[in-house]
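Spelled out from the first residue to the last, the chains are:
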Amino acid sequence: MSNLAVNTAARPLGATGLVVSRIGLGLAALGRPGYINLGHGRDLAGARSVEALEARTFAVLDEAWRRGVRYFDAARSYGRAESFLAHWLARRGIVPDDVVVGSKWGYTYTAQWQVEAEVHEVKEHTVAVFERQWRESRERLGDHLDLYQIHSVTADGSVLHDQRLLAAIAQRKREGVRVGLTTSGPDQAAAIGRALDVELDGRRLFDSVQATWNLLERSAAPALAAAHAAGVGVIVKEALANGRLTDRNTDAGFTEQRARLQQQAQRLGITVDALALAAIVAQPWADVVLSGAATSEQLRSNTAALTWDDEAAARLAPLVEAPVAYWRRRAALAWT
Ligand SMILES: NC(=O)c1ccc[n+]([C@@H]2O[C@H](COP(=O)([O-])OP(=O)(O)OC[C@H]3O[C@@H](n4cnc5c(N)ncnc54)[C@H](OP(=O)(O)O)[C@@H]3O)[C@@H](O)[C@H]2O)c1
């Protein structure tokens, strides 16, 4: 493989019947004033009113649409992300057939529009929370809601064994929405493996999986390849390791890694963040790779000239971190 622009043509999201752009946009950094990505506080530069954040979200969504992004990812816990997205879809006259929208349930937003809230979100994977958040998501997104995911399943959680809950999810699936899950933590591969085994009505329950995979944390790859082979749609999140795989990461402990990334980005004539995204788009099992851009400039930089080759793969292989260490670092990120 020599200098290769990765294939960004739209493709099916597994066997869901949905067709997705290879780059999607996640709204975690857009729907609320506080988030854990490295420079979130600086990005917002004091403009944290609901109106300012909605205007910023519209600008990033417009830029994404212009650049061919047709998958958008929200969650009940991303502040007003679902409402901002719904308002934008209505304002731009975008009909459900022209876009794929996923959202998530399982965390309740509790920060009340504060950056320094004591508790930003509360996790609860129960039937009661599922039914309440399903109604809330439907109320906001209406027929645009294509995919409803359990937010952040971990290998040690009990959610995949809760038969009442799985039956409630299956009921929504019968009514026409696709259902999926997202995973977090050092044992994502185990959680994904378990999810692939869940069957109801004699059929696999989950239509998609959304997991973290990036140049630093690659442990989920075999499980994601298995999911893809089984016809389960694969969405990749945290492609930039929450901003660690961008020029913004000036951590002294990352000096050698940064130099390697910059060397490869320069050789290919692209930005470090586009290089990190291209590394994932180049994986045959990845259907959609999420950009978490908080500004239009970041979105432009993320999607500029996605290029990847064997030399980049070889030179960047040493960046991989032990999953437990990676997730410990992620857990220590501050809300800004
Ligand atoms: N459990 C889950 O289900 C889960 C968890 C996490 C994310 N997600 C989904 O995945 C999406 C993406 O995840 P993410 O935002 O956490 O991860 P990410 O893509 O790894 O990081 C995105 C962040 O990187 C920084 N960045 C991007 N481009 C940059 C550039 N050119 N220069 C400097 N900094 C740049 C920005 O942060 P700053 O500007 O703030 O530094 C941006 O917010 C989310 O929006 C959400 O939809 C799901």
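Residues numbered from 1 in each chain as written. Predicted model: local features only at pLDDT ≥ 70, side-chain atom pairs only at ≥ 80, totals over all residues.

So, about the overall build of the protein. The helix and strand inventory of the protein stands at 12 helices and 16 strands. Over its C-alpha trace the protein gives a radius of gyration of 19 Å, about what one expects of a compact globule, namely 20 Å for 336 residues. If you line up the protein on its principal axes, its C-alpha atoms span 50 × 45 × 40 Å. A buried classification covers 48% of the 336 residues belonging to the protein. Sequence separation of at least 24 residues holds for 80% of the intrachain contacts in the protein that already meet a minimum separation of 6. (Helix = DSSP H or I, 4+ residues; strand = E, 2+ residues; numbered from the N terminus. Rg over C-alpha atoms; globule rule 2.2 N^0.38 Å. Buried ≥ 20, exposed ≤ 12 C-beta atoms within 10 Å, placed from the backbone. Contact = placed C-beta atoms within 7 Å.)

Moving on, we come to the nonpolar core. One finds Val236, Leu275 and Val289 to be the most contacted residues of the largest nonpolar core, which totals 92 residues. When residues of this core are assigned to their parent elements, the largest contribution, nine residues, is made by helix 9 (residues 272-281). When neighbours within four sequence positions are excluded, Leu275 is seen to be in contact with Leu261, Gln264, Ala265, Leu268, Ile270 and Ala312. (Core = buried A, V, L, I, M, F, W, Y, C linked by C-beta atoms within 7 Å.)

This paragraph deals with the sheet that holds strand 13 (residues 208-212). The sheet built from eight strands closes into a barrel, its strands ordered 4-5-6-9-10-13-14-15 with parallel pairing. Neighbour to neighbour, the strand axes of the sheet diverge by 25° on average, direction disregarded. Examined bridge by bridge, strand 6 (residues 100-105) and strand 9 (residues 145-153) share five bridges and lie parallel to one another. Considered in strand 9, the bridge of Gly102 is made with Leu147. (Pairing = 2+ DSSP bridges. Axes fitted to C-alpha atoms, helices over the stretch in contact; angles between N-to-C directions.)

With respect to the helices and strands, the residue Gln188 is situated in helix 6 (residues 188-197). Dropping the residues within four chain positions of it, Gln188 is found in contact with Thr183, Ala211, Thr212, Ser219, Ala220 and Ala223.

Structurally, the position occupied by Gly231 is in the loop between helix 7 (221-229) and strand 14 (233-237). In this structure, Gly231 is in contact with Gly14 and Ala15, ignoring residues within four places of it in sequence.

Of all six residues in strand 10 (residues 178-183), five are buried, a share of seventy percent or more. With five bridges connecting them, strand 9 and strand 10 associate as parallel partners. In the strand pairing of strand 10, Gln149 is matched with Gly180. In terms of handedness, the path from strand 9 via helix 5 (residues 163-174) over to strand 10 forms a crossover that is right-handed. With three bridges connecting them, strand 10 and strand 13 associate as parallel partners. Looking across to strand 13, one finds that Thr182 is bridged to Gln210. (Right-handed = clockwise from strand over helix to strand, strands pointing away.)

Quick look at helix 2 (residues 50-66) now. In this model, helix 2 (17 residues) spans 24 Å end to end at C-alpha, consistent with the 24 Å of a helix rising 1.5 Å per residue. Here helix 2 has its buried residues at Leu53, Arg56, Thr57, Val60, Leu61 and Ala64. Summarising the axial view, the buried residues of helix 2 lie within an arc of 135°, below the 170-degree limit, and thus occupy one face. Exposed positions of helix 2 whose direction lies more than 90 degrees from the buried face are Glu51, Ala55 and Arg66. After helix 2 finishes, the residue Gly68 shows a positive phi value of roughly 90°. (Expected span 1.5 Å × (residues − 1). Arc of directions from axis to C-beta.)

What follows covers helix 3 (residues 81-91). Within the span of helix 3, buried status applies to Ala81, Glu82, Phe84, Leu85, Ala86 and Leu89. Those residues of helix 3 that are buried are in contact with helix 2, strand 5 (71-73), strand 6 and helix 4 (127-141). Positive backbone phi, approximately 65°, marks Gly93, located one or two places after helix 3.

Because side chains alternate across strand 15 (residues 288-291), one face comprises the buried residues Val288 and Leu290, and the other comprises Val289 and Ser291, equally buried. One ladder, built from three bridges, connects strand 4 (residues 23-26) with strand 15; its direction is parallel. Across the sheet, residue Gly24 finds its bridge partner in strand 15, namely Leu290.

The next point concerns the packing of helix 6 against helix 7. With their axes 8 Å apart at the nearest point, helix 6 and helix 7 run at an angle of 20° to one another. It follows from the interaxial angle that helix 6 and helix 7 lie roughly parallel. Here the hand of the crossing between helix 6 and helix 7 comes out left-handed. On the side of helix 6, the interface is formed by Gln188, Ala189, Ile192, Gly193 and Leu196, while helix 7 contributes Pro222, Ala223, Leu224, Ala226 and Ala227. Among the residues making up the contact of helix 6 with helix 7, the classes are represented as eight nonpolar, two polar and no charged. (Parallel < 35°, antiparallel > 145°, perpendicular 65-115°, else oblique. Left-handed = near helix turned anticlockwise from the far one by under 90°. Nonpolar A, V, L, I, M, F, W, Y, C, P; charged D, E, K, R; others polar.)

So, about unusual backbone geometry. Phi at Asn242 is positive, roughly 60°, even though this residue is not glycine. Along the chain, Asn242 turns up in the loop between strand 14 and helix 8 (255-268). At Ala305, a residue that is not glycine, the phi angle is positive and equals roughly 40°. By the element assignment, Ala305 lies in the loop between helix 10 (296-303) and strand 16 (307-308). Classification of Ala305 by C-beta neighbours within 10 Å gives partly exposed; the count is 13.

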